[in-house]
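Below are the chains, spelled out letter by letter.
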Amino acid sequence: MDERAALGRLDETLPAAGDDAAVVDGLVLTTDMLHESTDFPDGTTRYTAGWRAVGASLSDVAAMGAEAVAAVAVYGAPEFDWDEIAAFVDGAADVCELVDGAYVGGDLDGHGEFTVATTVLGRTDAPVLRSGASPGEAVCVTGALGRTGAALRHFQTGDTERGNDLFRFEPRVAAGQVLADHATAMMDSSDGLARSLHQLADASDCGFAVETPLPIDDAVDAVAADEAEQRELGVFLGEDFELVCTLPETALEPVRERLDVPLTHIGTVTESGVTLDGDALPDRGYTHG
């Protein structure tokens, strides 16, 4: 059984776990695990690891339209180096501060490889789920896509400074709270735009007709050899942590006036099927190793 099959079975057993975060009495709760071998390329600093690990869970809170309250992390490693631990905590605290949350601690554990498990708590009285999209609405995405893909290319070529810079993304917590006033469905793009659209389509029992040009990060231009690689990094690779949402077209301009990040209208909600420029868009994206 692969990861997606296991998650599907868990959704049947634990219905509250089917969105980006669970909702309990006005609180949202999410947890993630990242490993050195699959999530932190060679050259990733402990500061970046702390930022990115906690940021990934903060992104789940953002996708629910919630405010960030607090985060904790379990730090596992073969041995403990104080400078590395301190750098990790600094990164975790800084990304929390960026979104008006607090990093409040966690746990240390010996482990065969550097591994981080993060948990973030948020708060909202009106969470945005994945299941409310309706045909005729606009489908939109915040920011730009492909930042992580570009970062991985820089890590591969030894430009770790640029790789670390691109790996430290801003969780869209503020944008999520603005979008929550109008969004009918929302999730983050951690599994890639293509897979996120399919997941939203399944949850809302609808389809999407998406059109190019898509908002691709400028950093992709420096590493992509051609349009095909640009699309691979921007649409399928994932781990960009932007918000993918649906909302009435009449709400687009009022929402844009309040956002501090770009919101691109990439398509329309349809009755069924997920297409890009009229062709079927494969359900392909990030999968944990």
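Below you will find a few notes about this structure. Quick caveat, the model's predicted, so the values are computed rather than measured.

Here's the deal with the packing of helix α3 (residues 46–63) against helix α4 (residues 82–98)
Piece 1. Running from N to C, α3 and α4 point in directions that differ by 40°, and their axes come no closer than 6 Å. On the basis of the axis angle, α3 is oblique to α4. Considering the relative orientation of α3 and α4, their crossing is right-handed. Together, Arg-46, Tyr-47, Ala-49, Gly-50, Trp-51, Val-54, Gly-55 and Leu-58 of α3 and Glu-84, Ala-87, Phe-88, Asp-90, Gly-91, Ala-92, Asp-94, Val-95, Cys-96 and Leu-98 of α4 make up the contact between the two elements.

As for the packing of aromatic side chains
Piece 1. Scanning the model with the defined rule gives seven aromatic pairs in all.
Piece 2. Consider the rings of Tyr-75 and Phe-88, whose centres lie 5.1 Å apart with planes at 75°: the pair is edge-to-face. Of this pair, Tyr-75 sits in strand β3 (residues 67–77) while Phe-88 sits in helix α4, and the two are 13 residues apart along the sequence. Each member of the pair, Tyr-75 as well as Phe-88, is classed as buried.
Piece 3. Taken together, the ring pairs connect Phe-40, Tyr-75, Phe-88 and Phe-114 into an aromatic cluster.
Piece 4. Between Arg-46 and the ring centre of Phe-114, over which it is positioned, the NZ or CZ distance is 3.6 Å.
Piece 5. A cation over an aromatic ring shows up here: Arg-284 above the ring of Phe-236, its NZ or CZ 4.0 Å from the ring centre.

As for the sheet that holds strand β10 (residues 263–270)
Piece 1. A sheet is described by the order of its strands in space; here seven strands give the open sequence β7-β9-β6-β10-β8-β11-β12, paired in mixed fashion. Across the chains shown, the open sheet's two edge strands, defined by having one partner strand only, are β7 (185–188) and β12 (279–280).
Piece 2. Direction of pairing for strand β8 (residues 207–210) relative to β10: antiparallel, over a ladder of four bridges. If you follow Ala-209 over to β10, its bridge partner there is Thr-268.
Piece 3. Across the sheet, α3 lies against β7 and β9 (243–247), angled at about 175° from β7, the strand it touches most.
Piece 4. With respect to the sheet, helix α8 (residues 193–204) is in contact with β6 (138–142), β7, β8, β9, β10 and β11 (274–276), its orientation differing from that of β7 by roughly 145°.

Section: the environment of Phe-169
Piece 1. As for its position among the elements, Phe-169 is in the loop between α6 (160–167) and α7 (173–179).
Piece 2. Its relative accessible area of 5% is what places Phe-169 among the buried residues.
Piece 3. Once you skip the residues sitting within four places of it in the chain, Phe-169 turns out to touch Trp-51, Arg-52, Gly-55, Ala-56, Val-95, Arg-147 and Phe-241.

Observations concerning the side chain of Thr-30
Piece 1. The topology assignment puts Thr-30 in strand β2 (residues 27–35).
Piece 2. Within polar-contact distance, the side chain of Thr-30 engages the backbone oxygen of Asp-20 at 3.3 Å.
Piece 3. If we ignore the near neighbours within four places in the chain, the residues touching Thr-30 are Asp-20, Ala-21, Ser-57, Asp-60, Val-61, Thr-118, Thr-119 and Val-120.

Things to note about α4
Piece 1. End to end, α4 covers 24 Å across 17 residues, agreeing with the expected 24 Å (1.5 Å per residue, within 8%).
Piece 2. Among the residues of α4, Ile-85, Phe-88, Gly-91, Ala-92, Val-95 and Cys-96 are the ones counted as buried. An end-on view of α4 places all buried positions within 130° of arc, on one side of the element. Opposite the buried face of α4, by more than 90 degrees, sit the exposed residues Trp-82, Asp-83 and Glu-97.
Piece 3. Between a side-chain oxygen at the N-terminus of α4 and the backbone nitrogen of Asp-83 the separation is 3.0 Å; the capping residue is Asp-81.
Piece 4. Note on α4: the residue one or two positions beyond its end, Asp-100, has a positive phi of about 65°.

Regarding unusual backbone geometry
Piece 1. Cis geometry marks the peptide bond from Thr-212 to Pro-213; its omega dihedral reads 0°.
Piece 2. By the element assignment, Pro-213 lies in the loop between β8 and α9 (218–221).
Piece 3. Phi angles above zero are rare outside glycine, and Asp-277 is one such case at about 55°.
Piece 4. Residue placement: Asp-277 occurs in the loop between β11 and β12.

The rules behind the values
- Residues numbered from 1 in each chain as written.
- Predicted model: local features only at pLDDT ≥ 70, side-chain atom pairs only at ≥ 80, totals over all residues.
- Heavy atoms only, no water.
- Axes fitted to C-alpha atoms, helices over the stretch in contact; angles between N-to-C directions.
- Helix = DSSP H or I, 4+ residues; strand = E, 2+ residues; numbered from the N terminus.
- Parallel < 35°, antiparallel > 145°, perpendicular 65-115°, else oblique.
- Left-handed = near helix turned anticlockwise from the far one by under 90°.
- Contact = heavy atoms within 4.5 Å.
- Phe/Tyr/Trp six-rings, centres within 6.5 Å; stacked < 30°, edge-to-face > 60°.
- Buried < 20%, exposed > 50% of the residue type's maximum accessible area, 1.4 Å probe, protein only.
- Lys NZ or Arg CZ within 6 Å of the ring centre and 35° of its normal.
- Pairing = 2+ DSSP bridges.
- Polar contact = N/O pair within 3.5 Å; in protein donor to acceptor, adjacent residues only side chain to side chain.
- Expected span 1.5 Å × (residues − 1).
- Arc of directions from axis to C-beta.

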